[in-house]
Structure formats: structure tokens, C-alpha cells
Amino acid sequence: MEWRHKDLITLEGWTREELHFFLEQADYMEELMNRPIKKVPALRGKMVVNCFFENSTRTRVSFELAEKMLSADVVNWSASGSSASKGETLRDTVWTLEAMGADAVVVRHGAVGVPDYLSKKLKRASVFNAGDGTNGHPTQALLDLHSARKRLGGLDGAKMAMIGDVLHSRVARSDIQAFRKMGVTVTLSGPATLMPEDTASLGVEYVSDAHEAARGADILYFLRIQRERQDDGLIPSIDEYHRRWGATDSLVSAASPNAVVMHPGPMNRGVEISSSVADGPKSVILGQVRSGVAVRMALLYLCLGGAR
Amino acid sequence: MKEQSGKLWSEKATVMTEEDMERVLRRISVEIVERNKGLDDLILLGIQRRGVHLAARLREIFKVEEKVKVPAGELDITLYRDDISTLADQPVVHSTSLPGDINGKRVVLVDDVLFTGRTVRAALDAITDLGRPARVQLAVLVDRGHRELPVAADYVGKTVPTSRSENVEVRVKELDGEDRVVICERTGGAEHGVEA
């Protein structure tokens, strides 16, 4: 297959065939992680700039690891103490990156649309969206597809229950889009106050009762609950939330016997997930971390290749 | 690339038939046994993609003729290529899997065609990252000349003189539906060959 994407801003334009091809390439990248020397020279001489205008640990570390395993030169441009906090405009930032000769820019920003803006302004460099506001987090969706597919064997026809704060979650938005594209039926659950207004336009169903959503599901996906949501009056109390929508053994037992439990991390144990489920046999949460490095390697390799 | 041969290359002549391929692989298997005084500590490592299938054939011959199950693995050298930044499209990655520890073993690399020597260079770099074999030997079905690096094979099925504008295609049943080696001629497309 000829790879036609230079950037990853959203998975909207990716076909199912491309996703299949991509996930297979990621499988081979994951194999590199088992080697004694976890490094190949594929991206030698390429410069990747990680621009995180918003806090992130796992996504940033995961991208950095993927870049280093492919032998790219890595530059970390962090928001605090950078020119952004000194009032530099985004356009000046773009020109600076261009002048530095960046081959790729990984960007996370609190504002929706920043990665898209960068990709339109940067003529040569690839741009990868590492999360923009509440809009999207496409590499998270890719890693979730990768680890779910690995454990389940295939995704077509599978059922997924996504439970938690869908409204504020960019992960939810990207994952719903990606899993549906792979033929997965998605049912949402959680407090109605944390649901987007038009679940139907996302192509998903909403049920308030988490047990009903989980019944017979192959994938149970739990989203982070931020404790501030309680102060905002969006959830009754942490305890009640945990009882009704948290990943407990009783909720997980309603799912298919081979179901996988997923969480994008970082986890709030005792809030959206209990320790016995997080550390239990159905959890693929650590597999998600490994998949994260593998899919980011595949992304960098496929998009950064070729003569420019 | 081979996958595009339908568009860019037209078949010119058959240089090995199915019978020729079988006979040559048998001869190579005998030479491997002779050179290594047996098959102890030997590992066959096929280079993706057709080398993998040729290594499997050698393994089968050893099983029948020598009653020895020689461990066989597959090696993908894509991420070690030196021409990645010059190709229009990123080459597809295939699987690498070793049958076990290669430290201290005798590794026989198996590939279909030896041409510029760049694939072998990449394979040696990949092997270095995977362990430290006692010896690495190279077996190829066809040596077509035009080396760009100081590389030589230990076992050669057939030496085929070619011009640079030609391409040697090794076809295996598992991938191509037939066992045959053909010389193809360019009918269009880019100026220079892209075979690594």
C-alpha cells in the first residue's frame, strides 16, 4: 500500500483499509521493543520537535521513546518557560520551527484546531496531533485499536461500552470515530450531565445504566473522571459515581467472558476504576502503553519517509 | 519494486525452472553441511520476503536428508535500509522473528538475489543489533553482479550476468503461485533500479 498521509490531525480521512495496514505495521514496530537493542536507524537525520503547550506525561514520553527508537533527533519544546509564555504568536512559532529545519512537529495544545493550523502553515514538516482541546487525540485512538485488536483477534462486529465523562473527553471523540470505522458498535454510559447533547450524531447509543451498556460487550472502555467535576455539580459524589459507573468486578462480570478492560490513563483508582479491575486479568491497560509506543513509531515511520 | 513489476517490467527470459531451483537448493544444502561439518548450532535466517521461503525450503531438505530440524527465522531489513530518504514511498515493514538466541550460533542468511550488496549490509547491521553470532554466512539463489559494496556470498545457486536495466525476479509458489526465476526488462517508469 502506498501511504498517502503526511500528517495526522484527525482520523476522519483514514479508510478502514488504511487502518488495517497501519495496525499491522505497528505490530512489527512492537516487536522492536522485545529486542536487546531497541533502536533502528530508520529515521536517522530527521528532526522531530515535541511541542507540548499543555501538560502531558505519557503521551510525550511515548512519542519521545518512539522517536528515539527510530533514531530521530528529538527536541522538546515545552510550554512553561518557552516563548509561548512570553507572548509569541503561534504564527511566529511556526516560522521558528520551519527555520530550525524540523521534519516533524508533535503538538498538544489546549485550543481546538492548533495542530490543523500548524499543518496548514508548515510546508515541509509533518504535524502530529497529540491532543487539541476537547477535539481529538488520534494517536490515543490508534493505540486503543491496536491493543484491543491484539487481545480480541479482530474488531469487526465487536461491541464496545464506553463509560464516563464523554463530554469533556477528546479521547472519546477520537475513539468513537476510529472504533466505528473498524466495525465496532459503541454504546455510551455515564451521568447524563457528562454526555454530549447529540450522541446520535456520533453514531452511538446512550444508556444511563452502565450494566446495560456493559452486557455482552467485548470492550469496556472507562474514561477519566476529574474530581473537579464534582465541584461543578456534574456528578453526584465520587462514591456514588464509582458505585454506578465505575469499573467494579460486578460491572465487568456483565461483559463477554473474553472482554478487555481499557483506560487511557492516568487512572483514578477508586473513582472510575477499582484496583481489582485495573490489575485484573481482563485489563489491557499496560498493553495500551506498549501499543502507544508501537503506533507512534509506525506513524513517524510512515509519514516521515520518502523524498521531500 | 517487485510488486510493481506488472507495470514497469516485461518478462525477457527464464533463467531457472522449478526443477532448476529445487536442484540448486539441494546443492546449497549439501554445501552448507560440508562447510559447517554438520548442522550443529546452525540457524537459517531468511531475508523478507522471498528469502524467508527459500530458507523454509532448505529447512525442509535438511529435515528429510539429514534428519535434523534446523531452526529458521525471518529477518526484515527495511528499517536498516540506506535509501529510505531517497524513495518516493516508504517501504513496507515486514516481520522479524528469531527462532531463539543467535549468540554464538552459525547464522546462514538466505536471500533470493544478490545485487548491489546493500540488502546484505543492512541485514548485517540488523543481526548485530539482535545478538552476536559466531559466524554469519550468506546463501543466495541468484548472484546477478553489479556490487556497490564489498559483499560476497558463501553459497550461490546460479550466477546470472545481467545489465543494470534488467531485473531478476525470483518467484516462489507461496507468494507468486509458481517457482521460477526470470529476467525482466524495463518497459517504463523510473531511470534507475530501486532494488536494495
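Position numbers for residues start from 1 in each chain and track the written sequence from start to end. Working convention: letters from A go to chains and numbers from 1 go to ligands, in the order in which they are written. Selection of residues for local features in this predicted model requires a pLDDT of at least 70, selection of side-chain atom pairs for listing and counting requires 80 or more, and totals for whole chains, interfaces and linings are taken over all residues.

Mind laying out the overall build of chain A, listing which residues take part and the relevant values?
Of the regular secondary structure elements, chain A holds twelve helices and nine strands. The globule rule used here is 2.2 Å times the number of residues to the 0.38 power, and the radius of gyration it is set against is calculated over C-alpha atoms. Taken over the C-alpha trace, chain A has a radius of gyration of 19 Å; the compact-globule value for 308 residues is 19 Å, and the two agree within 12%. With respect to the principal axes defined by its C-alpha atoms, chain A has extents near 55 × 40 × 35 Å. To sort residues by exposure, count the other C-beta atoms lying within 10 Å of each residue's C-beta; 20 or more gives buried, 12 or fewer gives exposed, and values between give partly exposed, all with C-beta atoms placed from the backbone. Here chain A holds 308 residues, and 47% of them are scored as buried. In this description, a residue-residue contact is defined by the distance between C-beta atoms placed from the backbone, which must lie within 7 Å. Contacts in chain A between residues far apart in sequence, at least 24 positions, make up 75% of those at least 6 positions apart. The way it works is that DSSP assigns letters per residue, a run of H or I at least four long becomes a helix, a run of E at least two long becomes a strand, and they are numbered from the N terminus.

Kindly report on the overall build of chain B, identifying the contributing residues and their values.
Helix and strand content of chain B: five helices and eight strands. Going residue by residue from the N terminus, the α and β elements of chain B occur as α-β-α-β-α-β-β-α-β-β-β-α-β. Computed over its C-alpha atoms, the radius of gyration of chain B comes to 16 Å, within 12% of the 16 Å expected for a compact globule of 196 residues. Dimensions of chain B along its principal axes, counting C-alpha atoms only, are 50 × 35 × 30 Å.

Help me get a handle on the environment of A:Pro266, residues and values and all.
Residues and elements named next belong to chain A. For Pro 266, the location among the structural elements is in the loop between β9 (260-262) and α11 (275-278). With 9 C-beta atoms counted inside 10 Å, the residue Pro 266 sits in the exposed group. Residues Pro 266 and Ser 56, spaced 210 residues apart in sequence, show a C-alpha to C-alpha distance of 10 Å.

So what's going on with the confidence of the model for chain B? Which residues, and what values?
Note: pLDDT gives the predictor's confidence per residue, expressed from 0 to 100. Overall, the prediction assigns chain B a mean pLDDT of 92, with 92% of residues at 70 or greater. What the predictor reports for the complex is a pTM of 0.92 with an ipTM of 0.85.

Help me get a handle on unusual backbone geometry, residues and values and all.
Glycine aside, negative phi is the norm for most residues, and most peptide bonds take the trans geometry. The linkage connecting A:Gly265 with the following residue, A:Pro266, adopts the cis geometry, with an omega of -5 degrees. The step from B:Gln48 to B:Arg49 runs through a cis peptide bond, and the omega angle for that step is 0 degrees. Mapping B:Arg49 onto the fold places it in the loop between β2 (42-47) and α3 (50-66). Although it is not a glycine, B:Lys37 adopts a positive phi angle of roughly 50 degrees. Considering the arrangement of structural elements, one finds B:Lys37 in the loop between α2 (18-36) and β2. Of note in this structure, B:Lys67 is not a glycine but carries a positive phi near 55 degrees. For B:Lys67, the location among the structural elements is in the loop between α3 and β3 (72-75). By the C-beta count within 10 Å, which is 8 here, B:Lys67 ends up exposed.

Describe the sheet that holds strand β7 (residues 166-171) of chain B, listing the residues and the values that go with them.
All names here are of chain B. Ordered in space as β1-β8-β7, the three strands form an open sheet in which the pairing is antiparallel. Each edge of the sheet is formed by a strand with only one pairing partner; in this case those strands are β1 (9-16) and β7. Neighbour-to-neighbour, the strand axes of the sheet open up by a mean angle of 30 degrees, direction not taken into account. A pair of strands is labelled paired if DSSP reports no fewer than 2 bridges between them. When β7 meets strand β8 (residues 180-186), the two strands line up antiparallel, connected through six bridges. In the sheet register, Arg 171 faces β8, and the bridge partner there is Arg 180. Each axis is a line fitted through C-alpha atoms, taken for helices only over the stretch in contact, and angles between the N-to-C directions span 0 to 180 degrees.

How would you sum up the interface of chain B and chain A? Please name residues and give values.
Opposite the 17 residues of chain B that make contact, chain A presents 16 residues. By residue class, the composition of the side of chain B that touches chain A is seven nonpolar, seven polar and three charged. As a working rule, the residues Ala, Val, Leu, Ile, Met, Phe, Trp, Tyr, Cys and Pro are called nonpolar, Asp, Glu, Lys and Arg charged, and the rest polar, with Gly in that last group.

Give me the lowdown on the sheet that holds strand β6 (residues 155-159) of chain B, citing residues and values where you can.
All names here are of chain B. Strand order in the open sheet formed by five strands is β3-β2-β4-β5-β6, and the pairing between neighbours is parallel. Across the chains shown, the open sheet's two edge strands, defined by having one partner strand only, are β3 and β6. Shown here is a sheet whose adjacent strand axes are inclined to one another by a mean of 25 degrees, direction ignored. Of the pairings in the sheet, the one linking β2 to β3 comprises four bridges and is parallel in character. Considered in β3, the bridge of Gly 46 is made with Glu 74. Against the sheet, α2 makes contact with β2, β4 (106-114), β5 (135-143) and β6, and its axis sits at roughly 150 degrees relative to β6, the strand it touches most.

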